[in-house]
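Remarks on the overall topology
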There are 2 protein chains.
Amino acid sequence: MSDINRAARLKARPSGMLTRENFDIADEALAEPGDGQFRVRISHISLDPAMRGWVNDAKSYVPPVGLGEVMRAIAVGTVEASRHPKFRDGDTVTGLFGVQRFAISDGAGVIKVDTSKAPPERWIGGLGMPGMTAYFGLHEVAVPNPGETVVVSAASGAVGSIVGQIAKIMGCRAVGIAGGPEKCAYVTDELGFDACVDYKGGSLRDDLVAACPDGIDVLFENVGGEIHDTCLSLMNFRGRVAICGLISAYNSKTPVPGPFNYRSILVNRLNVRGFIVFDFISQYPQAAKHLGEWHAAGKLNIREDVRDGGVDAFPDVLNLLYTSGNFGKLVLKV
Amino acid sequence: MSDINRAARLKARPSGMLTRENFDIADEALAEPGDGQFRVRISHISLDPAMRGWVNDAKSYVPPVGLGEVMRAIAVGTVEASRHPKFRDGDTVTGLFGVQRFAISDGAGVIKVDTSKAPPERWIGGLGMPGMTAYFGLHEVAVPNPGETVVVSAASGAVGSIVGQIAKIMGCRAVGIAGGPEKCAYVTDELGFDACVDYKGGSLRDDLVAACPDGIDVLFENVGGEIHDTCLSLMNFRGRVAICGLISAYNSKTPVPGPFNYRSILVNRLNVRGFIVFDFISQYPQAAKHLGEWHAAGKLNIREDVRDGGVDAFPDVLNLLYTSGNFGKLVLKV
C-alpha cells in the first residue's frame, strides 16, 4: 500500500439505499499532523446501521455529514508521526476516523486499545461501541431482572449478539430473532441464547409465543417494523422496551407507519425508551471494564464479518447491513 | 321515580361504535342488601372513554364486561338500607356501581364524598378518577420541570382540562389541543392554559409549532392518531410522553397504524409510558388531598356536561365522547 490517502467523501445525499454514486472516492495527498496531533494508519473501518441516518439532511442525534466531507465512521488503526504528548507511534487506537486510509487526529474521543487481549477489529465491535451499546441498553435502559425474558432482534449482529450474552450473565432467559436457520443456530449453539426465532420462517408470531412461554419482559429493539410490532403484542405487564435501532425503516423513501400494536404501551403499561451509546459517555470506562472481564473469562463469544475491498468497497459493503447480508459485526478492512 | 331498578346489561359485543342494540335495558326487581352490604340510589353515572374498551373481548387492563352483566361504570349516589358498619343511610358515595339506577355494594372500592364542598357529579369528574388520572400522569409518570412545555390533547375534556391546570400550578407552560374555536377559547380563557390549538383548524402542525416555540417537553396523550403523531415530531430531547388514552382508535374496526414519527423515540431519546389511574391506588389519598385543596382555593376550574335521559340514554350519550360531542366531563343523570 502506497503512503497516499484515499477517502470517501459525500457527494450527494441518497434517497433510499446509498450507492457508489453518492460518494467521491479518490486519492488525496497524505496530510502531516500539526502540533498536538497525530496521524492514524487505519486498518479496519466499522460499518454500522446508524451510518445511513448520518447522510440524511435531517435533525438527528448528530449533525449530518456535510457534502464534501469524509464519510463519518468509527475505525481502528496505528498511530504514526505523532506530535501529541499522549499518543505514541505504534499505539493502536479507535476513534471517529472516517472512511479513509489515513486520518489526522488531535486525540478527541480517541481510545488506546490493547491488541494483546483482542485483535484490532474487535475493539470497534464487541468490545467497542456495539458492545457498549448492548451493555448500556440492558444495564441502564431496560434493566431486566433475573428470571425475566429478554428478546433482542438482529440477534446475530454486532449489538444483538452481545445483548443476549449479557442477558444470560444477568440471569435472564435470552431469546433472539434472526434471519435464516444458519444465523439462528449460531445464536443458540454458539452464543448460548435459550432460543432464537427465524423471522424468515413464515410464522414469526407463533414461533415467538413458543420461544417466550412466559411472555416478553424486556425487548431490545434493533430492527423495527413487523418484528417490533409482533413483539409489542406479546409484552408482559410493565414490560420495558429499549429502542436502540429501527434499521428496517432507514432506507425507506416513504413514511413508515409505527407499530399497529402501539396501544400495548397503554394496556400493558410499557416503558419505551430510545437511547444511543453516546448518552452514556461518562460510563464508558465501567462498560469497557465489564466487557473486558467477560471477554477474558471466555463469557463473550464475538464474531466479526471482515470484508476486503478497502475504501472503494464502502457503499456496497455497508448495504449488506440493510439486506441481512452480513453475519457478525460488519467490518471493512482497509 | 319508582323504586324499581333499571339496568343496562351487555347483550352483544360491538364492532365499531356501540349502539342501543348491544344492550338489554330493562326493569329489574329492587335487590335487598345482605349483611355487610348497602344499596346505592345512583344519581349520576360517569361516562369515560375507557368504557368502549371494557366491552371488547380482548386482553386489557381489566377483564371485559361479560355478556349479561351490568355495564361497568363509575357512579355517584346515596346510601340506603345499609347493613354495613361503615356506610350510613344518606352518605354520598362513589364507586363502580354500573349503568343502573340502584346498586348493591359491600363497600369495596367505595369512597364517601363531601357534597358540601362540591356537587355529587364533580366527585366522579374533576375531583374523582379523571382528576386523579391527570394528577398521577403529571406527578408520577411524565414529571415535568418548572418552565417546561406540557402539551395535552382533549384539553377541554375531563382529564385534559385538569392536566393543563395542574401543569400551570407546577410552573409549566400549558398548551392544549381541542376541537373547535369554542372549546379552545374555554381552554385558554377559562382554564388558563397558555395556548390552545384547534385540531380542526386545518394547520395542526404549524399551529402547534407556534404554540410551542421551545418545542414539547411533556406530552400527555389522550387521543392518539394524527394528533399524537404530530406532537411526537415536535418533542424535545429527553422528552416524556404519558400515554393515558388513545381514544381516536377505540372504535376502529380495522388495525390502526402507530405513529409515523415513531423514530422520534430513538432520535430524541424519549421516554414513553402507558398508565392508568388504577396503577396508583395506594396514592389516591394524596391525590385527593391536593385536588381538594386546589379546588377549595379556586385554582381548579371544572366543568361537567350533564346529560339527561337516564339509563336508557347510555349508549347514545357515551358515543358523544368519540365524536367530540361533549364539552366538559360527560355525566349521565339518572
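Residues numbered from 1 in each chain as written. Chains lettered and ligands numbered in written order. Predicted model: local features only at pLDDT ≥ 70, side-chain atom pairs only at ≥ 80, totals over all residues. Heavy atoms only, no water.

Next up on the list: the domain arrangement of chain A. All names here are of chain A. The domain boundaries assigned to chain A delineate domain 1 (5-124 + 303-333) and domain 2 (129-278). The gap between the C-alpha centroids of domain 1 and domain 2 is 28 Å. Taken residue by residue, the interface counts 20 residues in domain 1 and 15 residues in domain 2. Summed over both sides, the interface between domain 1 and domain 2 buries roughly 1,500 Å², with carbon and sulfur atoms accounting for 66% of that surface. Run the count over domain 1 and domain 2 and you get 0 salt bridges. Connecting domain 1 to domain 2 are 4 residue pairs in polar contact (both at pLDDT 80 or more). (Domains from an automatic or database assignment. Contact = heavy atoms within 4.5 Å. Buried area = accessible area lost by both parts, 1.4 Å probe. Salt bridge = Lys/Arg side-chain N within 4 Å of Asp/Glu carboxyl O. Polar contact = N/O pair within 3.5 Å; in protein donor to acceptor, adjacent residues only side chain to side chain.)

As a further point, take the pairing of strand β8 (residues 149-153) of chain B. Residues and elements named next belong to chain B. Among the 5 residues that make up β8, 5 are buried, leaving the element largely enclosed by the rest of the structure. Every second residue of β8 is oriented toward a common face, with Thr149, Val151 and Ser153 on one face and Val150 and Val152 on the other, all of them buried. Where β8 meets strand β9 (residues 173-178), 5 bridges bridge the pair, whose relative direction is parallel. Paired with valine 152 across the bridge in β9 is glycine 176. As for the winding sense of the linkage, the β-α-β connection from β8 through helix α3 (residues 160-169) to β9 is right-handed. Here β8 pairs with strand β11 (residues 216-221) via 3 bridges, running parallel. Within the sheet, the bridge partner assigned to valine 152 lies in β11 and is phenylalanine 220. (Buried < 20%, exposed > 50% of the residue type's maximum accessible area, 1.4 Å probe, protein only. Helix = DSSP H or I, 4+ residues; strand = E, 2+ residues; numbered from the N terminus. Pairing = 2+ DSSP bridges. Right-handed = clockwise from strand over helix to strand, strands pointing away.)

Side-chain alternation along strand β13 (residues 271-274) of chain B places B:Val272 and B:Gly274 on a buried face and B:Asn271 and B:Arg273 on a face that remains uncovered. As defined by bridge partners, strand β13 (residues 271-274) of chain A adjoins β13(B) across 3 bridges and the pair is classed as antiparallel. Directly across from A:Asn271, in β13(B), lies its bridge partner B:Arg273. Here strand β12 (residues 235-243) of chain B pairs with β13(B) via 4 bridges, running parallel. Residue pairing across strands places B:Ile243 opposite B:Gly274, the latter belonging to β13(B).

Its place among the elements puts A:Gly309 in the loop between β14 (304-307) and α9 (314-318). A relative accessible area of 48% means that A:Gly309 is categorised as partly exposed.

Take the relation of the copies chain B and chain A next. Superposing chain B onto chain A takes a rotation of 180° plus a shift of 0.0 Å along the axis, which leaves an RMSD of 0.0 Å. Both copies of the chain, as the preceding transformation shows, are related through a two-fold rotation axis. Looking at the rotation axis and the C-alpha trace of chain B, the residue lying nearest is B:Gly258, at 1.9 Å. Most of the interface of chain B is mirrored in chain A, where 100% of its interface residues are also at the interface. (Least-squares fit on C-alpha atoms with pLDDT ≥ 70 in both.)

Before going further, it helps to examine the sheet that holds β8(B). The pairing of strands in a sheet comes from backbone hydrogen bonds and takes either a parallel or an antiparallel form. Ordered by their spatial adjacency, 12 strands build an open sheet running β10(A)-β9(A)-β8(A)-β11(A)-β12(A)-β13(A)-β13(B)-β12(B)-β11(B)-β8(B)-β9(B)-β10(B), and the pairing between neighbours is mixed. Of all the strands in the sheet, the pair left with one neighbour each is β10 (195-198) of chain A together with β10 (195-198) of chain B. Strand-to-strand twist across the sheet, computed as the mean angle between neighbouring axes with direction ignored, equals 15°. Note that strand β9 (residues 173-178) of chain A and β10(A) share 4 bridges and pair parallel. Among the inter-strand pairings, A:Ile177 is bridged to a residue of β10(A), identified as A:Val197. α3(B) contacts β8, β9 and β11 of chain B of the sheet and is inclined by roughly 170° relative to β8(B). Contacts between helix α5 (residues 204-211) of chain B and the sheet are confined to β8, β9 and β10 of chain B, with β10(B) contributing the most and set at about 175° to the helix. (Axes fitted to C-alpha atoms, helices over the stretch in contact; angles between N-to-C directions.)

The next thing to look at is the packing of aromatic side chains. For any pair of aromatic rings, the description consists of the separation of the ring centres together with the inter-plane angle of the planes. Residue and element names in this part refer to chain A. Within this structure, the stated rule accounts for 19 aromatic pairs over all chains. Here the aromatic rings of tyrosine 186 and phenylalanine 327 are separated by 5.1 Å at their centres, their planes lie at 85°, and the arrangement is edge-to-face. Taken together, the positions of tyrosine 186 in helix α4 (residues 181-190) and phenylalanine 327 in the loop between α9 and β15 (329-333) put the pair 141 residues apart, joining distant regions of the chain. Comparing tyrosine 186 with phenylalanine 327, the two get one shared label, buried. (Phe/Tyr/Trp six-rings, centres within 6.5 Å; stacked < 30°, edge-to-face > 60°.)

Right, let's talk about the pattern of salt bridges for a bit. All names here are of chain A. Counted under the stated rule, the structure contains 34 salt bridges over all chains. With a closest N to O distance of 2.9 Å, arginine 122 and glutamate 304 form a salt bridge. Of this pair, arginine 122 sits in the loop between β7 (111-112) and α2 (129-142) while glutamate 304 sits in strand β14; the two residues are 182 residues apart in sequence, bridging distant segments of the chain. In terms of burial, arginine 122 and glutamate 304 fall into one category: buried.

This part takes up the packing of helix α5 (residues 204-211) of chain A against helix α6 (residues 225-232) of chain A. All names here are of chain A. Packing of α5 against α6 leaves a shortest axis separation of 10 Å and a crossing angle of 45°. For the element pair α5 / α6, the angle class is oblique. For the pair α5 and α6, the crossing hand works out as right-handed. Note on element contacts: α6 touches α5 through Glu226, Ile227, Thr230 and Cys231, opposite Leu204, Arg205 and Leu208. Here the residues of the contact of α5 with α6 sort into 4 nonpolar, 1 polar and 2 charged. (Parallel < 35°, antiparallel > 145°, perpendicular 65-115°, else oblique. Left-handed = near helix turned anticlockwise from the far one by under 90°. Nonpolar A, V, L, I, M, F, W, Y, C, P; charged D, E, K, R; others polar.)

Opposite the 35 residues of chain B that make contact, chain A presents 35 residues. Of the roughly 3,000 Å² buried between chain B and chain A, counting both surfaces, carbon and sulfur atoms make up 58%. Between chain B and chain A we count 2 salt bridges in total. The residue B:Arg269 makes a salt bridge to A:Asp279 at a minimum N-O spacing of 2.7 Å. Linking chain B with chain A are 10 residue pairs in polar contact (both at pLDDT 80 or more), by the criterion used here. Across the side of chain B that touches chain A, the residue classes tally to 21 nonpolar, 8 polar and 6 charged.

Moving on to the nonpolar core. If you look at the biggest cluster of nonpolar residues, it comprises 128 residues, and the most contacted ones within it are A:Leu47 and B:Leu47. Setting aside its immediate chain neighbours within four residues, B:Leu47 contacts B:Phe314, B:Val317, B:Leu318, B:Leu321, B:Lys329, B:Leu330 and B:Leu332. (Core = buried A, V, L, I, M, F, W, Y, C linked by side-chain atoms within 4.5 Å.)

Relative to the helices and strands, A:Thr94 resides in strand β5 (residues 92-95). Residues within four places of A:Thr94 in sequence aside, it is in contact with A:Ala75, A:Val76, A:Gly109, A:Val110, A:Ile111, A:Val113, A:Trp123 and A:Ile124.

Residue and element names in this part refer to chain B. At a minimum axis distance of 8 Å, the contact between helix α2 (residues 129-142) and α3 shows a crossing angle of 45°. In terms of their interaxial angle, α2 and α3 are classed as oblique. For α2 against α3, the interelement crossing comes out right-handed. Across the interface between the two elements, Gly131, Ala134, Tyr135, Leu138 and His139 of α2 pack against Ile162, Val163, Ile166 and Ala167 of α3. A breakdown of the residues in the contact of α2 with α3 according to their chemical character gives 7 nonpolar, 2 polar and no charged.

Here we come to empty space enclosed by the protein. By the definition in use, this model includes 2 cavities of 30 Å³ or more. Roughly 60 Å³ of volume is contained in the largest cavity. If you trace the largest cavity, you find it lined by A:Gly125, A:Gly126, A:Ser156, A:Gly157, A:Ala158, A:Ser161, A:Ile162, A:Tyr186, A:Ile302, A:Arg303, A:Gly328 and A:Lys329. Looking at side-chain class alone, the lining of the largest cavity contains 4 nonpolar, 6 polar and 2 charged residues. Shared between two domains, the lining of the largest cavity holds at least three residues of each, these being domain 1 (5-124 + 303-333) and domain 2 (129-278) of chain A. Approximately 30 Å³ is the volume found for the second largest cavity. Every residue along the wall of the second largest cavity is listed here: B:Gly125, B:Gly126, B:Gly157, B:Ala158, B:Ser161, B:Ile162, B:Ile302, B:Arg303 and B:Lys329. Across the lining of the second largest cavity, the residue classes break down as 3 nonpolar, 4 polar and 2 charged. (1 Å grid on protein atoms, 1.4 Å probe; cavity = no way out; pocket = protein on both sides within 12 Å on 5 of 7 lines; lining within 4 Å. Points joined across faces, edges and corners; volume = space filled by probe spheres on them.)

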